[in-house]
Amino acid sequence: MPSGAMAVNPNILEMEYAVRGPIPQRAAELAAGGMQVISCHIGNPQALGQSPIYYYRQILSLIEDPSRIGRERALKSLLKRLPQAESGLSKEGEFSSEAALEMGETILSRLGTGVGAYTESKGPAFIREAVARYIDERDGVTDSDGKRSDPENIFLTNGASEGARFVIETMLADPKDGIMVPIPQYPLYSATIRRCGGVQVGYFPDEDAGWTLNRSILEEALSSARDGGVKVKAIVVINPCNPTGAVLDDDDVKDVCTFAREHGLAIIADEVYQDNVYGASFVSFAKAVGRDELPLFSLHSTSKGFHGECGHRGGYLEVRNPPRLEVGSGNFVDILLKLASVNLCSNTMGQVLTYLMVSPPKSDSDLHARYIREKEGVLRALHEKAVMIRESFEKMRGLFCFGRIGAMYLFPRLGKLPEGTTDFDYCMRLLETTGLCTVNGAGFGQKTGTWHLRIAFLPPKEVLSNVLSKWIDFHNGYVPGE
Ligand SMILES: Cc1ncc(COP(=O)(O)O)c(C=O)c1O
């Protein structure tokens, strides 16, 4: 071995993650050289100017610095005794609202040890209980109808990514174990399966039918994997989908459940975009599974939706019907707990944010109106920006965008490209010409012979409208004529 050289884990060496791959790396170089880069390669809303939800930040700041609660109370009572003109401090927003102070106190007293201490490895029980109530309310589950979510089967995680990794790492017991993954997919799944040394079994939602699913697509993928000796253990469904935006309807979700039940598979439901449906209804897998005994792992996050708190790394994993272990007496949740214990606990501010995500301000709270205004404002703006981009696609030769708008992305098919080039070349040239940073379809997987790109519809409208006209010119100059 040459001095200083070291063999590294080949699974990690071969792992790929295009969302932070060569195109964004080139974008960083161009930005350092002074070019205005519009970062549409990643779903990172606050990096593109989205303001944090006031309710979340008010309370997080009180939790981080609890001494503010007493100080603000004392100042408020002092100000009440001063004539308003003299204080100059009584304007709205100078102080935390009473509801925020009370919520801060409640959370601190339930945490007991503040946010600087480790918590239970699964996360504090009161937060897991709140998550379970949120899931039941979302799905309309009552004692007489459906199966209640169990707080003991909920893990608070550092983003949904960690939850996905916990499940996949635990599930893949042998190099021939496989997990079904939609193609195209968010590369967390391909990367994690690769890292854990398992087999990725791709299934291909029907692009021309709006990226919908049907039984034959699933059956085909499963039987060819089984014919190749792969032991398929689970199916990943991303709903709404990154990168395609597809939102599954009730029938699609039930179809996946029937398929999984008939073939003895677990379901890994990535539902981090459940609020990004823009008028459609979100159907959760937990609701569709109902009283069935089907093993289900559902993921949610504070990073997406209208929350946009990617950097806070909050999220949860909910397990239903955990499989028994082949050896010994425990079940899957016991092993997940062991895994979570090695990490000690997820970060506490992410845990608190997850609590706030599942506990919005009550309608009689003075924080409610602003929360609703901000939530609806973020979702409306996202939808409007997606529509604006789609309208530009109509002016681009040979480019088609199938399906409805969901999640935070559009995934158009590029049509014919210059001889010998790929969607990677297209995206790189698009970046270098216009400053628009996207990710080429190959980064997510795609049917052989098709080319795509993914664009996140996050930058401010004015920025987008400026770059869209440049993109139309670039595109029509780059792709071959009819
Ligand atoms: C489908 C999907 N799942 C999971 C994640 C990761 O989310 P988190 O920030 O919660 O780890 C993303 C991030 O873009 C995503 O698109």
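Reading the values: the criteria
- Residues numbered from 1 in each chain as written.
- Predicted model: local features only at pLDDT ≥ 70, side-chain atom pairs only at ≥ 80, totals over all residues.
- Heavy atoms only, no water.
- Near = heavy atom within 4 Å.
- Polar contact = N/O pair within 3.5 Å; in protein donor to acceptor, adjacent residues only side chain to side chain.
- Areas by Shrake-Rupley, 256 points an atom, 1.4 Å probe, with all protein chains shown as cover.
- Nonpolar A, V, L, I, M, F, W, Y, C, P; charged D, E, K, R; others polar.
- Phe/Tyr/Trp six-rings, centres within 6.5 Å; stacked < 30°, edge-to-face > 60°.
- Buried < 20%, exposed > 50% of the residue type's maximum accessible area, 1.4 Å probe, protein only.
- Lys NZ or Arg CZ within 6 Å of the ring centre and 35° of its normal.
- Pairing = 2+ DSSP bridges.
- Helix = DSSP H or I, 4+ residues; strand = E, 2+ residues; numbered from the N terminus.
- Domains from an automatic or database assignment.
- Contact = heavy atoms within 4.5 Å.
- Buried area = accessible area lost by both parts, 1.4 Å probe.
- Axes fitted to C-alpha atoms, helices over the stretch in contact; angles between N-to-C directions.
- Salt bridge = Lys/Arg side-chain N within 4 Å of Asp/Glu carboxyl O.
- Expected span 1.5 Å × (residues − 1).
- Arc of directions from axis to C-beta.
- Disulfide = S-S within 2.5 Å.
- Core = buried A, V, L, I, M, F, W, Y, C linked by side-chain atoms within 4.5 Å.

A.B. asks: Give a description of the site of the ligand that names residues and reports values.
C.D. replies: Surveying the vicinity of the ligand reveals 14 residues, the closest of which are S161, N242, D270, Y273 and S301. Contacts to the ligand include D270, whose side-chain N or O atom sits 2.6 Å from a nitrogen atom. At a separation of 2.7 Å, an oxygen atom of the ligand approaches a polar side-chain atom of R313. Contact with the protein chains hides 95% of the accessible area of the ligand, taken as 400 Å² for the molecule alone. Looking at side-chain class alone, the shell around the ligand contains six nonpolar, five polar and three charged residues.

A.B. asks: Describe the packing of aromatic side chains, and please don't skip the residues or the numbers.
C.D. replies: A full pass over the atoms with the stated rule returns 15 aromatic pairs. Relative to Y56, the ring of Y55 lies with its centre 5.8 Å away and its plane at 50°, an arrangement referred to as tilted. Each member of the pair, Y55 as well as Y56, carries the same accessibility label: buried. An aromatic cluster is present here, built from Y55, Y56, F306 and Y371 joined pairwise through their rings. In this arrangement the basic side chain of R370 is found over the ring face of Y54, its NZ or CZ atom lying 3.6 Å from the centre.

A.B. asks: Lay out the sheet that holds strand β11 (residues 439-440) with the relevant residues and their values.
C.D. replies: The three strands lie next to each other as β9-β12-β11, forming an open sheet whose pairing is antiparallel. Taken across any chain shown, the strands that pair with only one partner, and hence form the sheet edges, are β9 (409-410) and β11. For β9 and strand β12 (residues 453-456), the ladder comprises two bridges, and the chain directions are antiparallel. Across the sheet, residue Y409 finds its bridge partner in β12, namely A456.

A.B. asks: I'd like a description of the domain arrangement of the chain, backed by residues and values.
C.D. replies: Examined at the domain level, the chain breaks down into domain 1 (10-48 + 371-478) and domain 2 (125-358). Computed from C-alpha atoms alone, the centre-to-centre distance between domain 1 and domain 2 is 26 Å. With 37 residues of domain 1 at the interface, the matching set in domain 2 holds 37 residues. Taken together, the two surfaces of domain 1 and domain 2 that pack against each other cover about 3100 Å², and 58% of this comes from carbon and sulfur.

A.B. asks: Let's hear about the sheet that holds strand β8 (residues 315-320): which residues, and what values?
C.D. replies: An order of β2-β8-β7-β6-β5-β3-β4 is seen for the seven strands of this open sheet, with the pairing classed as mixed. Strands with a single pairing partner mark the edges of an open sheet, and in this sheet they are β2 (154-156) and β4 (199-203). Taken pair by pair, the neighbouring strands of this sheet meet at an average axis angle of 20°, ignoring direction. Relative to β4, strand β3 (residues 177-182) is paired through five bridges, and the arrangement is parallel. Counterpart to I179 in the pairing with β4 is Q200.

A.B. asks: Go over the environment of K176, please, and point to the residues and values.
C.D. replies: Take K176: it is sitting in the loop between α8 (159-171) and β3. Along the backbone, K176 and G228 are 52 residues apart, and their C-alpha atoms lie at a distance of 9.5 Å. Once you skip the residues sitting within four places of it in the chain, K176 turns out to touch V199, G228, G229, V230 and K231. Side-chain polar atoms of K176 contact the backbone oxygen of G228, separated by 3.4 Å.

A.B. asks: Explain the pattern of salt bridges to me, using residue names and the numbers behind them.
C.D. replies: Applying the stated rule across the entire model yields 24 salt bridges. Put simply, K122 and E152 hold a salt bridge, and the shortest N to O gap is 3.1 Å. A residue pair is termed long-range when its members are at least 10 positions apart, and K122 in the loop between α6 (98-111) and α7 (125-139) and E152 in the loop between α7 and β2 qualify at 30 residues. Assessed through its relative accessible area of 43%, E152 is described here as partly exposed. Among the ionic pairs, D292 bridges to R261, the shortest N-O distance being 2.6 Å. Remark: R261 occurs in helix α11 (residues 250-263) and D292 occurs in the loop between α12 (285-289) and β7 (296-301); sequence separation between them is 31 residues. R261 gets classed as partly exposed once you look at its relative accessible area, which sits at 41%.

A.B. asks: Could you give an account of the side chain of T348, with specific residues and numbers?
C.D. replies: In this fold, T348 is placed in helix α14 (residues 348-358). Here the side chain of T348 touches V115 through a polar contact of 2.7 Å, landing on its backbone oxygen. Beyond its immediate chain neighbours, meaning those up to four positions away, T348 contacts V115, A117 and T119.

A.B. asks: Tell me about helix α4 (residues 67-81), residues and numbers included.
C.D. replies: In a regular helix each residue adds 1.5 Å, so 15 residues correspond to 21 Å; α4 covers 22 Å between its end C-alpha atoms and thus fits that length. Those residues of α4 lying buried are R68, I69, E72 and L79. The arc enclosing the buried residues of α4, seen along the axis, measures out at 100°, which places them on a common side.

A.B. asks: Can you tell me about the state of the cysteines, naming the residues and giving the values?
C.D. replies: Tallied over the full model, the rule gives zero disulfides. The cysteine C310 is free of any disulfide, with C40 supplying the nearest cysteine sulfur at 14 Å.

A.B. asks: Explain the nonpolar core to me, and be specific about the residues and the numbers.
C.D. replies: In terms of nonpolar packing, the biggest core is built from 116 residues, with I107, Y189, F297, L356, Y426 and W471 touching the most fellow members. With eight residues, the top contributor of residues to this core is helix α15 (residues 368-393). For this core, the domains that each give at least three residues are domain 1 (10-48 + 371-478) and domain 2 (125-358). Setting aside chain neighbours within four positions, we find L356 in contact with Y55, Y56, I59, L60, M103 and I107. Formed by 28 residues, the second largest nonpolar core is a distinct cluster that contains L218, C257, V289 and L296.

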